[in-house]
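Each chain is listed here by its residues.
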Amino acid sequence: MSGIFDLAGLSFLGVLTITFVGAIIAVGARNIFHNVLGLALSLFGVAGIFLYLNSPFLAMMEILIYVGAICIAICFAIMLSEPLYLPRPPRKPINRIGAGLEAGLVFFMLRVLVIKTAWVPAAVRGPDWFLATIGHYLLTRYALIFEV
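Definitions and limits used
Residues numbered from 1 in each chain as written. Predicted model: local features only at pLDDT ≥ 70, side-chain atom pairs only at ≥ 80, totals over all residues. Heavy atoms only, no water. Helix = DSSP H or I, 4+ residues; strand = E, 2+ residues; numbered from the N terminus. Rg over C-alpha atoms; globule rule 2.2 N^0.38 Å. Buried < 20%, exposed > 50% of the residue type's maximum accessible area, 1.4 Å probe, protein only. Core = buried A, V, L, I, M, F, W, Y, C linked by side-chain atoms within 4.5 Å. Contact = heavy atoms within 4.5 Å. 1 Å grid on protein atoms, 1.4 Å probe; cavity = no way out; pocket = protein on both sides within 12 Å on 5 of 7 lines; lining within 4 Å. Points joined across faces, edges and corners; volume = space filled by probe spheres on them. Nonpolar A, V, L, I, M, F, W, Y, C, P; charged D, E, K, R; others polar. Axes fitted to C-alpha atoms, helices over the stretch in contact; angles between N-to-C directions. Parallel < 35°, antiparallel > 145°, perpendicular 65-115°, else oblique. Left-handed = near helix turned anticlockwise from the far one by under 90°. Patch = residues over 30% accessible without salt bridge, like charges linked within 9 Å, V, L, I, M, F, W, Y side chains within 5 Å. Areas by Shrake-Rupley, 256 points an atom, 1.4 Å probe, with all protein chains shown as cover. Salt bridge = Lys/Arg side-chain N within 4 Å of Asp/Glu carboxyl O.

Participant: Give me the lowdown on the overall build of the protein chain, citing residues and values where you can.
Facilitator: When you go through the protein chain residue by residue, the secondary structure sums to seven helices and zero strands. Element order for the protein chain, N to C, with α for helix and β for strand: α-α-α-α-α-α-α. Taking 15 Å as the expected radius of gyration for a compact globule of 148 residues, we find that the protein chain reaches 23 Å, considerably beyond that expectation. Taking the principal axes of its C-alpha atoms as reference, the protein chain extends roughly 70 × 60 × 20 Å. The buried share of the protein chain, taken over its 148 residues, is 14%.

So, in structure tokens, the structure goes:
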């Protein structure tokens, strides 16, 4: 008997329930830390959906990148930030000027980089330049850049 009441269907409904419960917690909780935990639960559910769709690589990347990195970084940012009820000290004008100069320098360097780069259209590169080729390069030759 195939359908919604076999093992695959019930497991899919379980993963779907986990995803939706996590999403409801992420949106509806009043405590920001509980919002992040709900987001992590929902992303675990999305990883389960990827497993159900027979894509274990995407499921592990979902857990590694989104749950393991982004949600944990948000948790650390919440725990290390100052409470909102404390008054903030006034910003010094020298800090604003320094931040503006640094932002301008970064913008200038990126502008120079974009102007001096020889941009070659994909049609000129040849017929073998497809999404699969880009994926192959990201996971072999440029793996470190992809990981960073």
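Next comes the rest of the write-up.
Participant: Break down the nonpolar core for me, citing the residues and quoting the values.
Facilitator: One finds Val36, Ala40, Leu43, Val67, Cys71 and Cys75 forming the largest nonpolar core, which totals six residues. For this core, the secondary structure elements donating two or more residues are α2 (32-52) and α3 (56-80). Setting aside chain neighbours within four positions, we find Leu43 in contact with Glu62, Tyr66, Val67 and Cys71.

Participant: Can you tell me about unusual backbone geometry, naming the residues and giving the values?
Facilitator: The phi angle at Asn54 is positive, at roughly 60°, despite the residue not being glycine. Take Asn54: it is sitting in the loop between α2 and α3. In this structure Asn54 comes out as exposed when scored by relative accessible area, which is 67%.

Participant: Can you explain the layout of surface pockets? Please cite residues and give values.
Facilitator: One way to see where empty space is left: roll a probe the size of a water molecule over the atoms. In this structure, the largest pocket spans a volume of roughly 210 Å³. Together, Phe50, Phe57, Leu58, Met61, Glu62, Ile65, Tyr66, Gly135, Leu138, Leu139 and Phe146 line the largest pocket. For the lining of the largest pocket, the secondary structure elements donating two or more residues are α3 and α6 (131-139). Of all the elements, α3 adds the most residues to the lining of the largest pocket, at six residues. The residue inventory of the lining of the largest pocket, partitioned by class, reads nine nonpolar, one polar and one charged.

Participant: Outline the packing of helix α1 (residues 7-28) against α2, listing residues and values.
Facilitator: In a pair of packed helices, the angle between the axes and the distance between the axes together describe the arrangement. α2 packs onto α1 with a crossing angle of 155° between their chain directions and a minimal axis gap of 7 Å. By the angle between their directions, the pair α1 and α2 is classed as roughly antiparallel. Like other packed secondary-structure pairs, α1 and α2 cross with a definite hand, here left-handed. Looking at side-chain class alone, the contact of α1 with α2 contains 15 nonpolar, 10 polar and no charged residues.

Participant: An account of a nonpolar patch on the surface is requested, with residue identities and associated values reported.
Facilitator: Taken together, the side chains of Phe57, Leu58, Leu131, Ile134, Leu138, Leu139, Tyr142, Ile145 and Phe146 make up a nonpolar region of the molecular surface, amounting to roughly 880 Å² of accessible area. Broken down by element, the nonpolar patch gets its largest block of residues, four residues, from α6. Inspection of the secondary structure assignment puts Leu58 in helix α3. Residue class for Leu58 comes out partly exposed when judged on its relative accessible area of 40%.

Any functional reading would require information that these geometric values do not contain.
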